[in-house]
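# A structural walkthrough
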Amino acid sequence: METVLSQPLMGWLLRWQRRMRRTDRRHPWLLDSVAVVGIAVLTVLDARFGAARGPSDAPRPDLPFGVLLALTAVLVLPLWWRRRAPAVVFPAVAVLALLPWTLNLWLLAAACLLAALHNLALHGSLRLLGWAAAVTLVEMCVAVWFLLPAGNPALGAVLLVSQEIAAVALALALRTQRVYLAALEDRAARLEVERDQRERLTAAAERSRVAREMHDIVGHNLSVMVGLADGAATLAAGRGEQSAEALRILGDTGRQAMGELRRVLGVLGFETVTGPAAAPLSPQPGLADLDPLLTRVRAAGPRVSYRTEGDLGALGSGVQLTVYRIVQESLTNTLKHAGTDTAAHVTVTAGAGLIHVRIADTGPPPGTPRVPRDGTPDSGHGLVGIRQRSAMYGGTVTAGPRADRPGWIVDVTLETPGETPGEMSGEMSGDTPGETPGKPPGKPSGNPPGETPGEQRP
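## Some details on the overall build of the protein chain
A tally of regular secondary structure across the protein chain gives 13 helices and five strands. The buried share among the 458 residues of the protein chain stands at 36%. Looking at the protein chain alone, contacts between residues at least 24 apart form 73% of all its contacts between residues at least 6 apart. Carbon and sulfur atoms provide 63% of the accessible area of the protein chain, an area that totals close to 25,500 Å².

Structure, rendered in structure tokens:
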């Protein structure tokens, strides 16, 4: 399409076609009137001033101008309804055209008849098109051999029949194009609806997963709080202290909060399994678990460097889990879209109530087919998950191709209210900044770095 639009003439024709379509949709009567007036003016001028040519070389009868106008109006006016009632307009024009044939007004008769046939092929029933084409063929042959004073009827018949074929072929081509464009528009609309549904389902699933993880964190903290309150209440009661009752109320309130949390998760569709059938639980990952994650990524092939700044240990478990998942999903998408022969750099910076996470890769090697990362229909929900997690902490997400070099970048800024990072430090884990670690020998082992391998970067 860009090549076509780069040609001045083709670009002008396409733009003119779009403008004509918009005008026709807004004012359909306007183009109908223009077509009728154009045919009428052309045929009247040809009848009055044109030389005898075409199927017949005989001179035309000298008709009064009023009679010529009346005859033209009777034959041309039905064409104003040619698009709204093509099955009615064509037989009317076919019958009325017999008189102009006999008067050697062949241009008037042929133009109106072909216009009616063209619109029947374009807007009417295809079952009637065959009969209409046969009627037109018979009428033209009768006109050339019997109604027109033609010196060479065979040549006149070939001329008129070729015009009939051209009119029908053009109409069928335009009709096919319209059907094709309508099918493409319908498919695009359905794909857009499916994409919106997929995004909503993905966002709901991601919110559910985040809620489950937050439940594990909050539930753990509540359990610790309830246990400490109960223990302190028992100890205070043994010593006869007045704080025993307040501690018991604190423990009961914690247990009530845990019950409410389980009920909310039940509304979201979660099932809390307890007892012997419960699956073993593992702690939620944090920033301390990034080193094992990056080790697994390096084992898969990519060269990954990691740099941290600030007191990351002072961050809460929820923020640490969010940062871990952002890095995990970003590196998973790097493996999927950039391949194993790439390099990635991860930076996590904490300070001034904000935490900044940046994951940048160098993209696939030159000459490797590029995998789209721009929201194709088969794309997953890596960025959706990152945005959902970042929204919990008022974060902003910027993701897209790098402007300075090939590759992809994910840049996330999270708010950490109530947390005051300590002094900035240049702690390094893995490789030093600016270095490009070598690709370790051996083949990948264990699970892929993203524990959710089905996720993709849109």
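What follows continues from the structure just given.
## Brief notes about the sheet that holds strand S5 (residues 408-415)
With respect to topology, five strands assemble into an open sheet ordered S1-S2-S3-S5-S4, the strand pairing being mixed. The two strands at the open ends of the sheet, each matched to only one other strand, are strand S1 (303-309) and strand S4 (396-401). When strand polarity is set aside, the average angle formed by the axes of neighbouring strands in this sheet is 5 degrees. Pairing of S4 with S5 involves six bridges; the strand directions are antiparallel. What sits directly across from Gly 400, in S5, is Ile 409. In the packing of helix H12 (residues 317-338) onto the sheet, contacts are made with strand S2 (343-351), strand S3 (354-361) and S5, and the angle to S3 comes to roughly 10 degrees.

## What to know about helix H4 (residues 65-76)
Taking 1.5 Å as the rise per residue, H4 with twelve residues should run 16 Å; its terminal C-alpha atoms sit 16 Å apart, in good agreement. By the burial criterion, the buried members of H4 are Leu 68, Leu 71, Thr 72, Leu 75 and Val 76. Down the axis, H4 shows its buried residues gathered within 120 degrees of arc, on one side only.

## So, the pairing of S2
Of all nine residues that make up S2, seven are buried, and the element is covered over most of its length. Pairing between S1 and S2: seven bridges, direction parallel. Pairing of Thr 308 across the sheet is with Val 348, part of S2. Viewed along the sheet, the connection from S1 through H12 into S2 turns out left-handed. Where S2 and S3 come together, eight bridges link them in antiparallel fashion. For Thr 349, the partnering residue across the bridge sits in S3 and is His 356. Two successive antiparallel strands, S2 and S3, enclose a turn made up of two residues, where Ala 352 displays a positive phi of approximately 60 degrees.

## Considerations on the confidence of the model for the protein chain
When pLDDT is averaged along the protein chain, the result is 77; 77% of the residues meet or exceed 70. Across the protein chain, the secondary-structure element scoring lowest on mean pLDDT is helix H1 (residues 2-6), at 46, and the one scoring highest is helix H5 (residues 86-96), at 94. For residues 1-6, every residue scores under 50 in pLDDT, and the model assigns this stretch seven contacts once sequence neighbours within four places are set aside. Predicted confidence for residues 419-458 stays below pLDDT 50, and this span has 98 contacts to residues more than four positions away or in other chains.

## Some remarks on the packing of aromatic side chains
One pass over the structure, following the stated rule, counts one aromatic pair. Arranged with centres 5.4 Å apart and planes meeting at 80 degrees, the rings of Trp 80 and Trp 81 form a pair that is edge-to-face. Using a relative accessible area of 24% as the deciding quantity, one classes Trp 80 as partly exposed. Sitting above the plane of the Trp 80 ring, Arg 84 keeps its charged end 4.2 Å from the centroid.

## Here we look at the nonpolar core
Counting 38 residues, the largest nonpolar core has Leu 79, Phe 90, Val 93, Trp 101, Leu 108 and Cys 112 as the members making the most contacts within it. Of all the elements in the fold, those that place two or more residues in this core are helix H3 (28-49), H4, H5, helix H7 (106-123), helix H8 (126-147) and helix H9 (153-239). The biggest single contributor to this core is H7, with 13 residues. Val 93 has contacts with Leu 75, Pro 78, Leu 79, Cys 112, Leu 113 and Ala 116, leaving out every residue within four places of it along the chain. Counting residues in hydrophobic clusters, the runner-up holds 29 residues, among them Leu 294, Leu 312, Val 357 and Ile 359.

## Focus: the packing of H4 against H7
Contact geometry for H4 and H7: axes closest at 10 Å, N-to-C directions at 15 degrees. Classified by the angle their axes make, H4 and H7 are roughly parallel. For the pair H4 and H7, the crossing hand works out as right-handed. Residue-level inspection shows Leu 71, Thr 72, Leu 75 and Val 76 of H4 in contact with H7, the latter providing Leu 108, Ala 109 and Cys 112. Tallied by class, the residues present in the contact of H4 with H7 amount to six nonpolar, one polar and no charged.

Definitions and limits used
- Residues numbered from 1 in each chain as written.
- Predicted model: local features only at pLDDT ≥ 70, side-chain atom pairs only at ≥ 80, totals over all residues.
- Heavy atoms only, no water.
- Helix = DSSP H or I, 4+ residues; strand = E, 2+ residues; numbered from the N terminus.
- Buried < 20%, exposed > 50% of the residue type's maximum accessible area, 1.4 Å probe, protein only.
- Contact = heavy atoms within 4.5 Å.
- Areas by Shrake-Rupley, 256 points an atom, 1.4 Å probe, with all protein chains shown as cover.
- Pairing = 2+ DSSP bridges.
- Axes fitted to C-alpha atoms, helices over the stretch in contact; angles between N-to-C directions.
- Expected span 1.5 Å × (residues − 1).
- Arc of directions from axis to C-beta.
- Right-handed = clockwise from strand over helix to strand, strands pointing away.
- pLDDT = per-residue confidence, 0-100.
- Phe/Tyr/Trp six-rings, centres within 6.5 Å; stacked < 30°, edge-to-face > 60°.
- Lys NZ or Arg CZ within 6 Å of the ring centre and 35° of its normal.
- Core = buried A, V, L, I, M, F, W, Y, C linked by side-chain atoms within 4.5 Å.
- Parallel < 35°, antiparallel > 145°, perpendicular 65-115°, else oblique.
- Left-handed = near helix turned anticlockwise from the far one by under 90°.
- Nonpolar A, V, L, I, M, F, W, Y, C, P; charged D, E, K, R; others polar.

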